[in-house]
Amino acid sequence: MQNNPSNFSGFEDEEVLLKEFATSKGSLEVAAEVSIEGKTLKLKNISIFPKDVRRLELSTREVLELKNQLVQEVKATGFDRLQITGKRVSRANLGKNVVDIDLTKI
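It should be emphasised that the depicted structure is a prediction, and the values quoted were computed from it without experimental measurement.

**Considering unusual backbone geometry**
1) Next: We note that Glu14 has phi near 70 degrees; this positive angle belongs to a residue other than glycine.
2) Next: Relative to the helices and strands, Glu14 resides in the loop between strand E2 (11-12) and strand E3 (16-23).
3) Next: Exposure remark for Glu14: the relative accessible area of 72% places this residue in the exposed category.
4) Next: We note that Asn45 has phi near 50 degrees; this positive angle belongs to a residue other than glycine.
5) Next: Looking at where Asn45 falls in the secondary structure, it is placed in strand E5 (residues 40-51).

**Some details on the side chain of Thr40**
1) Next: Within the secondary structure, Thr40 is located in strand E5.
2) Next: Using a relative accessible area of 15% as the deciding quantity, one classes Thr40 as buried.

**Some thoughts on the pattern of salt bridges**
Proximity of charged atoms lets side chains of opposite charge pair with each other.
1) Next: Tallying each qualifying case throughout the model produces seven salt bridges.
2) Next: Between Glu73 and Lys19 there is a salt bridge, and its shortest N-O distance comes to 3.0 Å. Of the two residues, Glu73 is situated in helix H1 (residues 60-76) and Lys19 in strand E3; the sequence distance between them amounts to 54 residues.
3) Next: Look at Glu73 and you get partly exposed, because its relative accessible area is 31%.
4) Next: For Glu65, the salt bridge is made with Arg61, and the minimal N-O distance between the two is 3.0 Å.

**Digging into the nonpolar core**
1) Next: Core analysis: the largest hydrophobic core is formed by 21 residues, its most contacted members being Leu41, Leu43, Val74, Phe79, Leu82 and Leu103.
2) Next: Elements with a contribution of two residues or more to this core: E3, strand E4 (26-37), E5, H1 and strand E6 (81-88).
3) Next: Sorting elements by how many residues they give to this core places E4 first, with five residues.
4) Next: Those residues in contact with Leu41, other than ones at most four positions away along the chain, are Phe11, Val34, Ser35, Ile36, Val74, Phe79, Arg81, Leu82 and Gln83.

Reading the values: the criteria
Residues numbered from 1 in each chain as written. Predicted model: local features only at pLDDT ≥ 70, side-chain atom pairs only at ≥ 80, totals over all residues. Heavy atoms only, no water. Helix = DSSP H or I, 4+ residues; strand = E, 2+ residues; numbered from the N terminus. Buried < 20%, exposed > 50% of the residue type's maximum accessible area, 1.4 Å probe, protein only. Salt bridge = Lys/Arg side-chain N within 4 Å of Asp/Glu carboxyl O. Core = buried A, V, L, I, M, F, W, Y, C linked by side-chain atoms within 4.5 Å. Contact = heavy atoms within 4.5 Å.

Below, the structure is given as structure tokens:
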């Protein structure tokens, strides 16, 4: 059975994804433009910001856990690849970043 390329159980092409993640220090809200190309989910212009607090600092471990949570959710819907693009606006490594994950190897 082949998945409809514009709707993968919770992700729809050309929608704005709004998602909340709980952390030990508070909640994060994530917003991104969704684009689906074949079995690739693209989250473009991703924005990540704290909810209900002005600033939220997470450890590297917590950030990786959140990324892995998203990766597992995307993989479970049937995608083979996840691409995330965004522009870092604070701290180190300012500018556009692209994350490209082959979900078939996870």
